Amino acid sequence: MKERITKHLQKLIDRGSVAIKEQFKKKRRRQKNLHLEPDPLGEETLYSPVKGLVHKFGNRVLFKVSYRCAAHCQFCTRYRQIGTPEGDLSFDETQACLSYIREHTEIDDVVLSGGDPLFTARKTLSILDELLKIDTVKIIRIGTRFPIHSPDSFKSKLVKELMRVIKLTARKKVVFVSLHINHPDELTKNVLRAIRVIEKTGAILVSQTVFLKGINNDTETLEKLFNALYHNKIRPYYIYRCDYAEGIDQYICSFRQERRIMTELRKRLSGLAYPMYIIDIPNGRGKIPPPLDFWNNISRRVTDFDGTIIKI
Ligand SMILES: *Cc1c(COP(=O)(O)O)cnc(C)c1O
Ligand code: SF4
């Protein structure tokens, strides 16, 4: 993956944000001992019925609109593809994705991903126009990091047009916009302004975060992040363990530490500010929540918020 950064992010780095610098300008160094793969989630092989779609879980499908993003996050799961034309869908390929969704009437939930669907606004516009007409599709989710990468783009004509189409879509379907956010430094005033523009479409705002070593793997940073999201009408949805993908190993945190942090946060945060902690299982099917330190499965004992051990 080539390095790519926006003016907005560069400005935050110049003002001293280490968290932003480490996400976009990290010097690469390899760790050993981990079982790493180019496509650990089987997105291109096992579960892709047609180019552009990943159909892993019965009622929902991932629609990869492109592999293009405004900036390149150095820990991206799709590290190998981002920024390449490999994921660009021709007219016929796009139609094939839409036909698959139309024919598989069990699909009621379509996740637009990529790449960044808001960055490739023109393509996303045309896909939304078509999805709108498929009655079996009830939910459309748009996963994006565009407001964080390039908040000023939300003043452009093209993005305004896309917002208009999202608003139309949100009248007929339930639309979620899922914002990928990893650190409180990302929530600047102009980013929040861009997020408000999305909110005005009637889409429901949720967030996704990735545990990143040296960036957000401490309780205070994540507490601040999830509270900032909650206070700004964004419901924290998932926090992922970093995927075991080739090229991004230096970002993977200690599993034990992640569990300890999530256990502590469960005590500190309102339930609605607390995301589900998930591992997207390598070589498997499932986004599975690891147990927190409250539980001892063998003795069937649980440790409560105060540290009292109770048998259940
Ligand atoms: C993450 C993902 C989804 C959505 O999963 P939820 O747990 O419903 O958010 C759907 N399809 C694929 C292939 C995914 O990776
Ligand atoms: S915005 Fe998402 S898809 Fe694009 S580089 Fe970042 S993590 Fe990858």
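A few points on the structure. Since the structure is predicted, the reported quantities are computational estimates derived from the model, not experimental observations.

Around ligand 2 sit Cys 69, Ala 71, Cys 73, Cys 76, Ile 82, Gly 115, Arg 145, His 149 and His 180, and those are all the residues in its vicinity. Counted by class, the shell around ligand 2 contains 5 nonpolar, 3 polar and 1 charged residues.

Here the focus is the site of ligand 1. The local shell around ligand 1 consists of Val 54, Lys 56, Phe 57, Arg 60, Leu 62, Arg 141, Tyr 237, Tyr 238 and Lys 287. One nitrogen or oxygen atom from the side chain of Arg 141 is found 2.7 Å from an oxygen atom belonging to ligand 1. Residue Lys 287 places a side-chain N or O atom 2.8 Å away from an oxygen atom belonging to ligand 1. Across the complex, the protein chains shield 90% of the 380 Å² of accessible surface that ligand 1 would expose by itself. When residues of the shell around ligand 1 are traced back to their parent elements, those giving at least two are β1 (53-57), β2 (60-64) and β7 (235-240). In terms of residue count, β1 provides more of the shell around ligand 1 than any other element does, 3 residues in total. Along the lines of polarity and charge, the residues of the shell around ligand 1 split into 5 nonpolar, no polar and 4 charged.

To continue, consider helix α7 (residues 189-199). Residues of α7 that are buried include every one of Val 191, Leu 192, Ala 194, Ile 195 and Ile 198, and no others. Seen from one end, α7 has its buried residues packed into an arc of 155°, which puts them on one side. The exposed residues of α7 that point more than 90 degrees off its buried face are Lys 189 and Arg 193. Packing partners of the buried residues in α7 comprise α1 (7-14), α5 (146-149), α6 (157-172), β5 (174-180) and β6 (204-210).

What follows deals with the packing of aromatic side chains. Summed over the entire model, instances satisfying the criterion amount to 7 aromatic pairs. Plain terms: the ring middles of Phe 75 and Tyr 251 are 5.5 Å apart, the flat faces sit at 75° to each other, and that makes the pair edge-to-face. Here Phe 75 is found in the loop between β2 and α3 (91-103), whereas its partner Tyr 251 is found in the loop between β7 and α9 (255-268), with 176 residues between them in sequence. Exposure remark for Tyr 251: the relative accessible area of 0% places this residue in the buried category. Ring geometry for Phe 146 against Phe 154: centres 5.6 Å apart, planes inclined by 45°, an arrangement best described as tilted. Like Phe 146, the residue Phe 154 is buried in the burial classification. Within the aromatic cluster, the residues linked to one another by ring pairs are Phe 119, Phe 146 and Phe 154. Sitting over the face of the ring of Phe 255, Arg 259 holds its NZ or CZ atom 5.3 Å from the ring centroid. Against the face of Tyr 274 rests Arg 266, its NZ or CZ located 5.2 Å from the ring centre.

The rules behind these values
Each chain carries its own residue numbering, running from 1 in the direction its sequence is written. To label them, take the chains in the order written and letter them from A, then take the ligands in the order written and number them from 1. Confidence filtering applies because this is a predicted model: local features only for residues at pLDDT of at least 70, side-chain atom pairs given and counted only at 80 or more, and all residues used for totals across whole chains, interfaces and linings. For side-chain calculations, the full set of non-hydrogen atoms in the structure is used, while hydrogens and water are omitted. For each residue, the test is whether any non-hydrogen atom lies within 4 Å of the molecule or strand; if one does, the residue is near. Residues are grouped as follows: Ala, Val, Leu, Ile, Met, Phe, Trp, Tyr, Cys and Pro are nonpolar; Asp, Glu, Lys and Arg are charged; every other residue, Gly included, is polar. In protein, a polar contact means a hydrogen-donor-capable atom and an acceptor-capable atom, both N or O and within 3.5 Å, with residues adjacent in sequence counting only if both atoms are side-chain atoms; elsewhere, any N or O pair within 3.5 Å suffices. Residue-level accessible areas treat just the shown protein chains as cover; the underlying method is Shrake-Rupley with a 1.4 Å probe. Numbered from the N terminus, helices here are DSSP runs of H or I no shorter than four residues, and strands are runs of E no shorter than two. Residue exposure (1.4 Å probe, protein chains only): buried if accessible area is under 20% of the type maximum, exposed if over 50%, otherwise partly exposed. For this quantity, the arc is that covered by the directions from the helix axis to the C-beta atoms. Working rule for contacts: check all heavy atoms of both residues, and any pair within 4.5 Å makes them a contact. In this scheme Phe, Tyr and Trp rings, the latter by its six-membered ring, pair at centre separations within 6.5 Å, and the angle between planes marks the pair as stacked below 30 degrees, edge-to-face above 60, and tilted otherwise. Think of it as a cone above the ring: NZ of Lys or CZ of Arg counts as a charge over the ring if it is within 6 Å of the ring centre and within 35 degrees of the ring normal.

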